[in-house]
Amino acid sequence: MDYEAAVATFFTLAPEGTTAPPVVSQGGPARQLRDALEPLAMHAVWAQEVYDALAAYGLDFLSGYVCGRGAVLGDVPSPVVAAAFAVFPPELVDQLWTDGLGKLDRAALIALRNEGVAVSLRKVLGDVTTEQEVLDVAETLERAAAAADGAGRPLFSALRAAPTLADPYARLWRAADVVREHRGDGHVATCIGAGLGGCEMNIVTELWLGYSLGEYSNTRGWSREAHEQAVASLTVSGLMANWELTEDGRAFRTRIEQRTDASQRTLIRALGHQLPDLLARVSAWSDRCIAAGVFPSDPRKRAAG
């Protein structure tokens, strides 16, 4: 999949009037921070500069995503990456990880992403921010991440241990990504603890957000058989009926949300009184990313995690 195909797939407009569910739009501090940071944290995925740099070595959009996000874990076999990501089929992760790192070594890939993000994010934010403002926010996020609990969080802990980036805009992206992975690792652990498999995680979340069945989960690469098995399992358990979440299913997913929020207690506590100002700043910057076409505008995509 090349960049244009990825944009065509993921940047489709939501139906008019689409909003995130109230538990998201009216969510607590941890959810608010997650959604405020998401377009910044995902900048390396959607920046044309990053894609072009990796494509020059033969990586496409999907291999760039898997290798780029997973590279921080080190020279590990693909099942480790698949386990950390959780919501993608292990066989797809294996194919993309093996193919991508067969074309570009991990250290070079990391360097190209860092450089591309710095160029792109400066282009998007440079006319409304100063480097010192960007650095202030990055350092605030870094201090909170340093105080947060890393137990059971492989992606977060690996990113937190990575060398500090010199460029202020790249540093902002990295700090946002570290906080994103803190929530992501906590969310995966919560879903597993609730008895969900990878495909089931996607389906429960998409229906909870207001997508139709398969509209979002089918973009994650699961086979038709795996998807049908997941639907059958959720139906037998009473979480789904007639291709929608039941009342119990919605309550189940809301509890996952609440427990994911609770898993970020140490990080949110570390931000303390700085949180309201931080949310206002990064929300405005994320809105600029969306306006610049460097993140999907559909609010459900922003909330899908």
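Residues numbered from 1 in each chain as written. Predicted model: local features only at pLDDT ≥ 70, side-chain atom pairs only at ≥ 80, totals over all residues. Heavy atoms only, no water.

1. Overview of the pattern of salt bridges
Using the following cut-off: By convention in these notes, a salt bridge is any Lys or Arg side-chain nitrogen within 4 Å of a carboxyl oxygen on Asp or Glu. Here a helix means four or more residues in a row that DSSP labels H or I, a strand means two or more in a row labelled E, and each is numbered from the N terminus. Only protein chains enter the accessibility calculation, which uses a 1.4 Å probe. A residue is then buried if its area is under 20% of the maximum for its type, exposed if over 50%, and partly exposed in between.
Using the criterion set out here, one finds 23 salt bridges in the structure. For Arg180, the salt bridge is made with Glu38, and the minimal N-O distance between the two is 2.8 Å. Here the residue Arg180 occupies a position in helix α12 (residues 168-193), and Glu38 occupies one in helix α3 (residues 29-41), the gap between them amounting to 142 residues. The same class applies to Arg180 and to Glu38, which are both buried. Its salt-bridge partner being Glu49, residue Lys123 comes within 2.6 Å of it at the nearest N-O pair. With a gap of 74 residues between them, Lys123 in helix α9 (residues 106-125) and Glu49 in helix α5 (residues 48-55) connect regions that are remote in the sequence. Via salt bridges that share partners, Arg31, Arg34, Asp35, Glu38, Arg180, Arg183, Arg253, Glu257 and Asp261 belong to a single interconnected network.

2. Overview of the nonpolar core
Quick reminder of the rule: Only buried residues count toward a nonpolar core. Its members are Ala, Val, Leu, Ile, Met, Phe, Trp, Tyr and Cys residues joined through side-chain atoms within 4.5 Å. Two residues qualify as a contact provided that any one of their heavy atoms is within 4.5 Å of a heavy atom in the partner residue.
The biggest cluster of nonpolar side chains holds 102 residues, and the ones touching the most others in it are Leu33, Leu40 and Trp46. Broken down by element, the residue count for this core peaks at 10 residues, all from α12. Contact partners of Trp46, with chain neighbours within four places excluded, come to Tyr3, Ala6, Val7, Phe10, Phe11, Phe61, Val294, Phe295 and Pro296.

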